[in-house]
Amino acid sequence: MKKLFVSVLAVVIIALPLVACNDELGEGLTEYTICATLNEQERTVTADMSVDYVNDTESELSELAFHLYGNAYREHAKHFPISQSEISVAYPNGLSYGYMTVSDIADSKGNALEFTVDENDVLSVAIPKLLPTERITINMKFVLGLAEIRHRLGYYSGKYNLGNWYPVLCAFKDGEWYKHPYYSYGDPFDSAVANYNVTFSYPEGLTAVSSAGVGSDGMLNVCLRSARDFAICVGDFNQTSVNVGGVDVAWFSEGSDDYTGVAVDALKTYNELFGEYPYESLFVVKTAFVNGGMEYPGLVYVSDALNDEMIKEVVAHEIAHQWWYGVVGNDQVNEAWLDEGLTEYTTTVFYEKNPSYGVKKEERIADSLTTYMLYCELYYGNGKKMTAMNKCVAEYNSSLEYSYMTYVKGQLLFDSVRTLIGDEAFFDGLRTYYQGCKFKVATMADIIGALEQHTSYRLMSYVGSWVDGTALLYSVN
Ligand SMILES: [Zn+2]
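Scoring rules and cut-offs
Each chain carries its own residue numbering, running from 1 in the direction its sequence is written. For this predicted model, a pLDDT threshold of at least 70 governs which residues receive local features, and a threshold of 80 or more governs which side-chain atom pairs are given and counted, while totals over whole chains, interfaces and linings are taken from all residues. Hydrogens are left out, water is left out, and the side-chain values use all remaining heavy atoms of the structure. By the criteria applied, helices consist of DSSP H or I runs no shorter than four residues and strands consist of E runs no shorter than two, each listed in order from the N terminus. Expected span of a helix, by definition, is 1.5 Å for each gap between consecutive residues, and there is one gap fewer than residues. For the exposure calls, accessible area comes from a 1.4 Å probe over protein chains only, and a residue counts as buried if that area is under 20% of its type's maximum, exposed if over 50%, partly exposed in between. It only takes one pair of heavy atoms within 4.5 Å for two residues to be counted as in contact. Strand pairing is defined by DSSP finding a minimum of two bridges between the two strands. All axes here are fitted lines through C-alpha atoms, helices being fitted over the stretch that makes contact, and every angle between N-to-C directions spans 0 to 180 degrees. Throughout this description, any angle smaller than 35 degrees is read as roughly parallel, any larger than 145 degrees as roughly antiparallel, any in the 65 to 115 degree range as roughly perpendicular, and the remainder as oblique. Less than a right angle of anticlockwise turn of the near helix away from the far helix marks a crossing as left-handed, whereas a clockwise turn marks it as right-handed. Amino acids outside the nonpolar list (Ala, Val, Leu, Ile, Met, Phe, Trp, Tyr, Cys, Pro) and the charged list (Asp, Glu, Lys, Arg) are all regarded as polar, and Gly is one of them. Residue ranges assigned to each domain were obtained from an automatic or database domain assignment. Two parts placed together each lose some accessible area; with a 1.4 Å probe, that loss summed over both constitutes the buried area. By definition, a salt bridge exists where a carboxyl oxygen of Asp or Glu is found within 4 Å of a side-chain nitrogen of Lys or Arg. Distance and chemistry together define a polar contact, namely a pair of N or O atoms within 3.5 Å, with one atom able to donate a hydrogen and the other to accept it when in protein, and with adjacent residues in sequence counting only for side-chain atoms on both sides.

**A closer look at helix 8 (residues 423–437)**
- The terminal C-alpha atoms of helix 8 lie 21 Å apart, and with 15 residues this matches the ideal 21 Å at 1.5 Å per residue to within 8%.
- What helix 8 keeps buried is the set Ala425, Phe426, Phe427, Gly429, Leu430, Tyr433, Tyr434 and Cys437.
- Looking at the buried residues of helix 8, the elements they touch are helix 3 (260–274), strand 23 (329–330), helix 5 (336–353), helix 7 (399–421), strand 24 (441–442) and helix 9 (444–452).
- Where helix 8 ends, the next residue or the one after it, Phe439, has phi of about 65°, a positive value.

Okay, here's the thing in structure tokens:
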């Protein structure tokens, strides 16, 4: 590994607004155009947004539905934005609330469109009948008030985290918009890929780092094609960058620490194992965050409360999500094990392929098995059937159960499949999965289908028994 630091000239080049978009990528997709302003005094974001929506469903539509995730932080929200056990860490200065309002919703000719916001904070906009493949452009204004919280969306100690910060189109499932609420556990998101044109003004003197570039002199002006989300983080950050095969990889931190090299190692390892990362930049920002980190396309958060060892692990984990969640999407509400389990296992593979980090694959798997067994004994007794992974995140009893079933058991499942079918079939299968499900939302059937192309083992009942909790992984006395 060779860690490179960019010259001043290179920093200037990266800091210029990136307006040249790769239009081959994302051709024909729904497009969000957002013009937003961050107000430092009020801790608000005010924005005009237009959505050029293409009906890629097989249904005739009479409404568009959007999640207003900003309202997850409002007082009396249906679900608390975090689990109860995380409150003191997420809100060091006491509970704080945010909000999100929408107004002036109209079609492209300026005709007002009727809309409602339901108890799940889902915005439904009535539109003229829209047949499959037809497009409609709607415009709206929104205002986001930021809670003081160390979370995906919020303000804390000079840092503004803007994840899931604009009205996001709901997933379309089984002939209708899937209007689920925000949930306290997991990452309750399930968006389709889209294109983004974002203009964002922010206080000069701060740095705005986004899913598709870095701002300059208080203005971010960028576009991103074929991505599942678009996030921004603003703070007084120092930047270290390096270009790896045409991808700008950068680390942003308030301090002088630098983990660009870990990001580069992760990018190279996953490119080689699974297939090429499709975007032009990959940024890691160390910011105020309650857990380890959070993934968005082209931009990941790493918590500013982690030690050196944990930062490395979180960087490797969140960058793995660029492949599993980002490019290959999942229903993170109902099938969270698929992206978290595979991402956790990919993190283990990162250590296996990069022995200089001094973390052994066998030890990570043994740790997972031991802690999983202890967890089951403590919380389930002999109730092995309770270890189902195919649940909505809302159905887990605690964030601990969610973590054990999706990350830990998920990792054990993937290691077990690898042992069963062998290294060659396993990694060939993951490459097939990545290529075949690129920019789509994949399911358990998709990953099994991809793996089965490279092995004679039929995996559905084997994987299915892990997922539905009927497999006996170990004996409890
Ligand atoms: Zn994760």
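**Notes on the pairing of strand 22 (residues 299–303)**
- Of all five residues in strand 22, five are buried, a share of seventy percent or more.
- Residues Leu299, Tyr301 and Ser303 line one face of strand 22 and the alternating positions Val300 and Val302 line the opposite face, and both faces are buried.
- Across four bridges, the pairing between strand 21 (residues 293–296) and strand 22 is antiparallel. From the neighbouring strand, Tyr296 faces strand 22, where its bridge partner is Leu299.

**Details of the packing of helix 5 against helix 8**
- At a minimum axis separation of 14 Å, helix 5 and helix 8 run at an interaxial angle of 130°. Judged on the interaxial angle alone, helix 8 and helix 5 are oblique. By crossing handedness, the relation of helix 5 to helix 8 is classed as left-handed. On helix 8, the residues that touch Leu338, Leu342, Tyr345 and Val349 of helix 5 are Phe426, Phe427, Leu430 and Tyr433.
- Residues that form the contact of helix 5 with helix 8 fall into these classes: eight nonpolar, no polar and no charged.

**Some details on the domain arrangement of the chain**
- Splitting the chain by domain gives domain 1 (30–192) and domain 2 (342–467).
- Here the C-alpha centre of domain 2 lies 31 Å away from the C-alpha centre of domain 1.
- Of the residues lining the interface, eight residues belong to domain 1; the matching set on domain 2 comes to nine residues.
- Together, the buried faces of domain 1 and domain 2 total about 620 Å²; carbon and sulfur atoms form 67% of this surface.
- On the domain 1 side of the contact with domain 2, Tyr183, Tyr185 and Gly186 bury the most area, a combined 72% of that side's loss.
- For the interface between domain 1 and domain 2, the tally reads zero salt bridges.
- Where domain 1 touches domain 2, the interface holds two residue pairs in polar contact (both at pLDDT 80 or more).
- The residue inventory of the side of domain 1 that touches domain 2, partitioned by class, reads three nonpolar, four polar and one charged.

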